[in-house]
Amino acid sequence: MSTNNIEKLVRKNISLLVPYQSARSLNKKGNIWLNANEYPESTNIIFSHKNLNRYPYCQPKELIDLYAVYAGVKNNQIIVHRGADEGIELLMKVFCNPIKDKIMFFPPTYGMYKINADILGVKYKALKTKNDWQLDLISISQNIQQVKLVYICNPNNPTGSVIDHKDFHQLMNIVNKKIIVVIDEAYIEFSPKNTLINCLSKYSNLVILRTLSKAFSLAGLRCGFTLANKKIIHLLLKIITPYPLSVPVIEIAKYFLREKNIFLMNKRIKKTIKIKNWFIKSLHQFTCIEKIFSSNTNYILIKFKSAKYIFKQLQKKGIILRDQSYQLGLKNCIRITIGTYKECKKTLCELKKIFI
Ligand SMILES: *Cc1c(COP(=O)(O)O)cnc(C)c1O
């Protein structure tokens, strides 16, 4: 049977899409996964579910209340959804008319802003950052026509950099409440002093994205939060699916947001940062490295003399990194997630072997 008609039926922008290369789509044999900024170890928990016959609440109150306390916001300033990724999408659905409106973001950065725009048929303005990864405020002010949403990843994936707070306030002045500014704080727990969450009360057009995937070591759970003015939350609630989280997800998320487990998370962060600092120090011996960018996260961006070669050699040894060479300004750059001490040590060992 001919499939020609399917090609005729599909929306043109969907036809042009290339499927996203996710953490798990690399069909490679690996035993050390340092490519997706996940926590290297899983916390084992056992749950008994007595109410799987019932649909879950869309916005489980206990979960919302726990996150509100954790984040220091009111419980009417939160919506919970399937990972931070769903928050990125919901915002576009609420604020952007396809074909007409634009989002703005600042490469090199997280890929899902552009991908969601492409899927929804929303236009985008990708503005280069300055050489130090900081916002180019002049260029922003010249390009804000038809922009409804600005996405800023802070700390930024994959550079590990953070934006200057003074620039942020200037940006808020430039957009003058006429544009929604979204700060993606997926990695904020690794650099808590850089959060802009305290600015929510000052700016009604500010949105903060959070997730349990990174510092909470729950990438497999798929649970994220959008924090904003209650009017924005109200709009997002109009379009979210009726059951974004399954019953087990809700129970596990609540468990990890207990005071005791937040304490354990902070301990894990300290451990990760300690390993990161040791790893960076040990990397300085390699002449194949041109630059190690400073990192406010659980990964580091490294510029090699030849990224392709390093990536392939380590892949052969089962060590999977994330090549970032395709991104604007990141030629020969690889992002390495901080794994366990053992995994980092093995990575160093294999790097050494390559250069002997
Ligand atoms: C990992 C990541 C996300 C996605 O988080 P999920 O909650 O797993 O969907 C969002 N933004 C950035 C910058 C990320 O690195």
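Residues numbered from 1 in each chain as written. Predicted model: local features only at pLDDT ≥ 70, side-chain atom pairs only at ≥ 80, totals over all residues. Heavy atoms only, no water.

Moving on, we get to the overall build of the protein. Within the protein, the regular secondary structure consists of 12 helices and 13 strands. Its C-alpha radius of gyration of 21 Å places the protein within 12% of the 21 Å reference for a compact globule of 356 residues. For the C-alpha atoms alone, the extent of the protein along its principal axes is close to 60 × 60 × 50 Å. Expressed as a percentage of its 356 residues, the buried residues of the protein come to 52%. Put simply, 72% of the contacts in the protein that link residues at least 6 apart link residues at least 24 apart. (Helix = DSSP H or I, 4+ residues; strand = E, 2+ residues; numbered from the N terminus. Rg over C-alpha atoms; globule rule 2.2 N^0.38 Å. Buried < 20%, exposed > 50% of the residue type's maximum accessible area, 1.4 Å probe, protein only. Contact = heavy atoms within 4.5 Å.)

Another aspect to go through is the sheet that holds strand 9 (residues 289-292). Spatial ordering of the open sheet is given by 9-10-13-12, a layout of 4 strands whose pairing is antiparallel. The sheet is open, and its two edges are formed by strand 9 and strand 12 (322-323), each paired on a single side. Examined bridge by bridge, strand 10 (residues 299-304) and strand 13 (residues 333-337) share 5 bridges and lie antiparallel to one another. When the bridges of strand 13 are listed, L301 appears paired with R335. Along the sheet, helix 10 (residues 259-283) contacts strand 9, strand 10 and strand 13; its crossing angle with strand 10, the most-contacted strand, is approximately 10°. (Pairing = 2+ DSSP bridges. Axes fitted to C-alpha atoms, helices over the stretch in contact; angles between N-to-C directions.)

So, on to the side chain of E189. Positionally, E189 belongs in the loop between strand 6 (180-184) and strand 7 (206-211). No salt bridge is formed by the buried E189; its nearest oppositely charged neighbour, R210, is found at 4.5 Å. Contact partners of E189, with chain neighbours within four places excluded, come to Y67, Y70, R210, A215, F216, M265 and I269. (Lys, Arg positive; Asp, Glu negative; His and termini not counted. Salt bridge = Lys/Arg side-chain N within 4 Å of Asp/Glu carboxyl O.)

With the rule as written, the count across this model stands at 14 aromatic pairs. Seen from their ring centres, F105 and Y113 are 6.4 Å apart, and the 45° between their planes marks the pair as tilted. Note on accessibility: F105 and Y113 belong to one class, buried. A connected cluster of aromatic rings, assembled from ring pairs, spans F105, Y110, Y113, Y124 and Y151. Across from the ring centre of Y39, 5.5 Å away, lies the NZ or CZ of R268, which sits over that ring. It is R335 that lies over the ring of Y299; its NZ or CZ is 5.7 Å from the centre. (Phe/Tyr/Trp six-rings, centres within 6.5 Å; stacked < 30°, edge-to-face > 60°. Lys NZ or Arg CZ within 6 Å of the ring centre and 35° of its normal.)

Among the 13 residues in the neighbourhood of the ligand, the closest are listed as A84, Y187, T211, S213 and K214. Y187 is positioned such that a nitrogen or oxygen atom in its side chain is 2.6 Å from an oxygen atom of the ligand. For the ligand, whose accessible area on its own is 390 Å², the fraction buried by protein is 95%. The element best represented in the shell around the ligand is helix 4 (residues 83-95), accounting for 3 residues. The class makeup of the residues in the shell around the ligand is 5 nonpolar, 4 polar and 4 charged. (Near = heavy atom within 4 Å. Polar contact = N/O pair within 3.5 Å; in protein donor to acceptor, adjacent residues only side chain to side chain. Areas by Shrake-Rupley, 256 points an atom, 1.4 Å probe, with all protein chains shown as cover. Nonpolar A, V, L, I, M, F, W, Y, C, P; charged D, E, K, R; others polar.)

Scanning all chains against the criterion turns up 11 salt bridges. Here D65 ties to K61 by a salt bridge, and the two come within 2.5 Å at their closest N and O atoms. Of this pair, D65 and K61 both sit in helix 3 (residues 61-71), 4 residues apart, roughly one helical turn. By relative accessible area, D65 is classed as partly exposed at 24%. A salt bridge links R82 to E86, with the shortest nitrogen-to-oxygen separation between them at 3.7 Å. On the basis of relative accessible area, E86 is assigned to the buried category, the value being 4%. Through salt bridges with shared partners, a single ionic network connects E62, E251 and K254.

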